[in-house]
Amino acid sequence: MRSLVDVADADAGAIVMVLISGASILAVVWFAWLAWKRSGRRVRVAVVEALRVGLVTAAIILLWQPETTYRVDSDRKGDVVVLIDRTGSMQTADVQIEREAVARNQIADSIVNDPAWEQLDHRFEKVDVAVAEADDGGSDLGGALDRAAERHQSAVAFVLVSDGDFNRGPSPAQAAAELAARRGGRARVHTVPLGSPDRLPDIELVSADVPTFGVVGKPVRIPLTIRNWYDQMRDVSVQLREDGSQVDSQQVTIDRGGRFDGAFVWQSEQPGTFAISVETPVQDSETNRENNQLTKTIEIREEKLRVLIVEAEPRWEYRYLRNALLRDPGIDVSCLLFHPQLPGVGGGGEDYLASWPADPAELASYDVIFLGDVGVVEGQLTVQQCAQMRGLVEQQAVGLVLMPGMRGRQASLVSSDLGDLFPVLLDASAPQGVGNSAPGAFALTGPGRRSLLTTLDDDPQSNWAVWESLPGFYWHAAVTRAKAGSEVLAVHAESSNQYGRVPLLVTRPAGAGKVLFMGSDAAWRWRMGVEDKYHYRFWGQVIRWMAYQRNMAVGQTMRLSYRPDQPQLGETVTLRASVMTSNGAPSQADVATVELVSPAGGSESVKLERQDSQWGVFVAQTQVDQSGVYTATLRHPSEASTVTARIAVGGRAGEQLGRPARWDIMREVARVGRGQTFTSNQIPKLVDRLNRLPPDPSTTRRIQWWNHPAVLSAMIAGLTLFWIARKWAGAV
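Residues numbered from 1 in each chain as written. Predicted model: local features only at pLDDT ≥ 70, side-chain atom pairs only at ≥ 80, totals over all residues. Heavy atoms only, no water.

**Q** Sorry, what's going on with the environment of N113 here?
**A** The residue N113 is located in the loop between helix 3 (104–112) and strand 5 (124–131) in this model. Classification of N113 as exposed rests on a relative accessible area of 60%. (Helix = DSSP H or I, 4+ residues; strand = E, 2+ residues; numbered from the N terminus. Buried < 20%, exposed > 50% of the residue type's maximum accessible area, 1.4 Å probe, protein only.)

**Q** Any chance you could explain the packing of helix 4 (residues 141–151) against helix 5 (residues 172–182) here in plain terms?
**A** To characterise two packed helices, one gives the angle between the axes of the helices and the distance between these axes. Interhelical geometry of helix 4 versus helix 5 gives an angle of 20° and a closest axis separation of 7 Å. When the axes of helix 4 and helix 5 are compared, the pair comes out roughly parallel. Remark: the crossing between helix 4 and helix 5 carries right-handed chirality. For the pair helix 4 and helix 5, the contacting residues are L141, G142, L145, D146, A149 and E150 in the first and P172, A175, A176, L179 and R182 in the second. Of the residues belonging to the contact of helix 4 with helix 5, the class tally is seven nonpolar, one polar and three charged. (Axes fitted to C-alpha atoms, helices over the stretch in contact; angles between N-to-C directions. Parallel < 35°, antiparallel > 145°, perpendicular 65-115°, else oblique. Left-handed = near helix turned anticlockwise from the far one by under 90°. Contact = heavy atoms within 4.5 Å. Nonpolar A, V, L, I, M, F, W, Y, C, P; charged D, E, K, R; others polar.)

**Q** Just to check I follow, could you spell out the environment of G258 for this structure?
**A** Relative to the helices and strands, G258 resides in the loop between strand 12 (245–254) and strand 13 (259–266). Setting aside anything within four residues of it in sequence, one finds G258 in contact with I226, R227 and N228.

**Q** Looking at this structure, I do not really get the environment of G379. What am I missing?
**A** For G379, the position within the fold is in the loop between strand 18 (368–371) and helix 8 (383–396). Sequence separation of G379 and F338 is 41 residues, and the distance between their C-alpha atoms is 7.2 Å.

**Q** When you look at the nonpolar core in this model, what are you seeing that I'm missing?
**A** Core analysis: the largest hydrophobic core is formed by 77 residues, its most contacted members being V310, F370, L371, L381, M518 and W539. Here this core takes seven residues from helix 11 (residues 535–547), the largest share from any one element. In terms of nonpolar packing, the next biggest core, distinct from the first, is built from 26 residues, F213, M552, L560 and V579 among them. (Core = buried A, V, L, I, M, F, W, Y, C linked by side-chain atoms within 4.5 Å.)

**Q** Please clarify how the sheet that holds strand 13 should be interpreted in this entry.
**A** Strand order across the open sheet formed by three strands is 8-10-13, with antiparallel pairing between neighbours. With one partner strand each, in any of the chains shown, strand 8 (203–208) and strand 13 form the two edges of the open sheet. Across the sheet, the mean angle separating the axes of adjacent strands is 25° when strand polarity is ignored. The sheet contact formed by strand 8 and strand 10 (residues 220–228) spans five bridges and is antiparallel. Residue pairing across strands places A208 opposite L224, the latter belonging to strand 10. (Pairing = 2+ DSSP bridges.)

**Q** Can you help me understand the sheet that holds strand 27 (residues 513–518) in this one?
**A** Working definition: the strands of a sheet are paired by backbone hydrogen bonds and lie parallel or antiparallel to each other. One open sheet accounts for eight strands, arranged 17-16-18-19-27-26-25-22; its pairing is mixed. The open sheet has two edge strands, strand 17 (331–337) and strand 22 (442–444), and neither has a second partner. Looking at each pair of strands side by side, their axes are set apart by 20° on average, direction ignored. As judged from the three bridges shared by strand 22 and strand 25 (residues 487–497), these two strands associate in the antiparallel manner. For A443, the partnering residue across the bridge sits in strand 25 and is V491.

**Q** Could you clarify how one ought to interpret the pattern of salt bridges in this entry?
**A** Two side chains that carry opposite charge are able to pair once their charged atoms sit near each other. Considering all chains together, one arrives at 27 salt bridges under this definition. The closest approach of N and O atoms between R527 and D532, which form a salt bridge, is 2.9 Å. For R527, a relative accessible area of 16% translates into the label buried. On the basis of relative accessibility, which here comes to 21%, the residue D532 falls in the partly exposed class. (Salt bridge = Lys/Arg side-chain N within 4 Å of Asp/Glu carboxyl O.)

**Q** Quick question: what am I supposed to make of the packing of aromatic side chains here?
**A** In this description, an aromatic ring pair is defined by two values, namely the gap between the centres and the angle between the planes. Applying the stated rule across the entire model yields 12 aromatic pairs. Ring geometry for W316 and Y320: centres 6.1 Å apart, planes at 25°, overall stacked. Highlighted residues: W316 and Y320, both in helix 6 (residues 316–326), separated by four residues, approximately one helical turn. Residue class for W316 comes out partly exposed when judged on its relative accessible area of 47%. Residue class for Y320 comes out partly exposed when judged on its relative accessible area of 25%. Here a set of aromatic residues connected by ring pairs shows up, and it is made of F370, F442, W467, F473, W526, F538 and W539. Sitting over the face of the ring of W117, K126 holds its NZ or CZ atom 5.4 Å from the ring centroid. Taking the ring centre of Y366 as reference, the NZ or CZ of R306 above it sits at 4.3 Å. (Phe/Tyr/Trp six-rings, centres within 6.5 Å; stacked < 30°, edge-to-face > 60°. Lys NZ or Arg CZ within 6 Å of the ring centre and 35° of its normal.)

**Q** What is the right way to read the packing of helix 2 (residues 43–63) against helix 14 (residues 709–729) from this model?
**A** For the pair helix 2 and helix 14, interaxial distance at closest approach is 9 Å and the crossing angle is 155°. Here helix 14 runs roughly antiparallel to helix 2, going by the angle between their axes. In the packing of helix 2 onto helix 14, the handedness of the crossing is left-handed. The segment helix 2 lies against helix 14, with R44, V45, V47, V48, L51, R52, L55, A58, A59 and L62 engaging V711, M715, G718, L719, L721, F722, A725, R726, W728 and A729. Split into classes, the residues belonging to the contact of helix 2 with helix 14 amount to 16 nonpolar, one polar and three charged.

**Q** Is there a simple way to think about the pairing of strand 16 (residues 305–311) in this case?
**A** Within a regular strand, the side chains alternate between the two sheet faces. With seven of seven residues buried, strand 16 is to be regarded as a mostly interior element. The side-chain alternation of strand 16 yields two buried faces, one formed by L305, V307, I309 and E311 and the other by R306, L308 and V310. In this view, the connection linking strand 16 to its parallel neighbour strand 17 by way of helix 6 has right-handed handedness. (Right-handed = clockwise from strand over helix to strand, strands pointing away.)

Shown next as structure tokens:
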């Protein structure tokens, strides 16, 4: 608000300008009268002076910037855009009318054809717009609002008739807020939510996580989740099928509204590609019979994983781990032993290395590296080798297992390039760890109970009991806390500090690879009375979990991997290629090409940009918009070789039936869109609300005379006439 001083100053300025203008006009009139009088009061001179006075007066008036305004009433009709949701979820029959369940899309049709629309004011025109489901099953309500707003610029209101369920694009609430802000509040968004906000009776197979590939003769764990949407307890049969034939089944009881988390264990003795299905029989009165089965493909291979164990003294954990891995035909083990009492590096066996691998390609061939109680000290690791290992983990997806020991040598790694990869902060005041006279025990955390790494029994209920029964340990590494971004799988059952229980089993992603920290060196004690049952199962799972990403597709000189390893429909997938030349050097090409073939047969060429020249790493991102198996073929940028990966994309096509209507989203759309929410029987009320909208504001037109072309032309003509009149009247 302007202050009184500002108003007074403006008024005083206007008065001064009026006085100056008036004085100027009077002065011109005075001089004109004197000129006419000096001329002997000639008529011609009087004409000339009158022109002069008129031109000067007109010029002074134009300096005041005069203008004229007038209004033109608009007779253009405003659009009332009614958006009708036609996606898959609208087929759900959960609208109760006279004790009968009617589908949502039928109610939407009755809304569109409601006779109340005929009472819409003549100023408005109703426009129906169908929100169709995309070919891939995508439902984008937010995008539909955006497109309708762009197409109907004269719209005075938008009415969204929907159940609020969407699986693509931005939130419709965000689109409604942007629409209202863009139109300055002139066009508002009203909503008519349809459907029941409560879930209908249904047994839903939520997920079945089948890995992309497995190894011949090795068990594959397939976790699954089932939800019971009935209002009473249900007995559910779950079946596992291999290429259509049943191979296993479970009978489970799920409480009302509850869920069951379980798993199947399956293995194949033959290589090949198998279709694995998990399904539950359709029960009576189920509203959705399309969410009882999930089928995915898995490739079973014959392959060897390469493991490098680096240690100093051959402590018990090292000995039992090495012997267990040597007995596994699917693992090729190499050991590097920096024993201080031996004259040279190595232990004398065929699996021992005489020195650290000098060839980068040879080092990069290892899938997992175990670092025991070694560090950057004389006769062991060097700073350059630590930097090399970090590059292997981050760029080549090599897994790194950190197993500190009582000598405390791993503390020296913290200041090297490997320090950033540690998932925990070590206690610098106790580098040699903590010893106890009484045995300690592992306690699984919430993530640990769900993790594949800590599965020592296939039954989730029994698994926790197995961990509680494991023999204890008498030493553990001194750890302050886990770093941000790490996942703690197990903690010390009793020892704690200011940050809580001491973390002992911790994982963390590092670039393309993974790091695991094992804070106790007594896992070998788990063999007591059961031999390798738990000890090797644990380490075997760790190795295969770490090697999984980099072994998705392997050739002679190339590797192709992708994340996430089980992408869902519409998700963005990161493709990562490691490309070497035939002589072992990393490829220096600028791009590598992946030919991506969709389940429907469509082909797309994806260019991977070089990310790291030292390791020949190329990366790109693409979106998968079809469920099924994609084929990704990586072509060597300079040599005639290819490697192919299969990407199994999960997710059911289209929106699913039976899900509750999202009334919360519909109410939020109306709130941020500055509109109202109406029920399906309130269409007359909605029409009445629209009819009470004020008329469109009249269009105001303004003529600025001070710069109007006609006025400027008249001034030029007047000056021309004045010059001619002077000649006509003679010298004045």
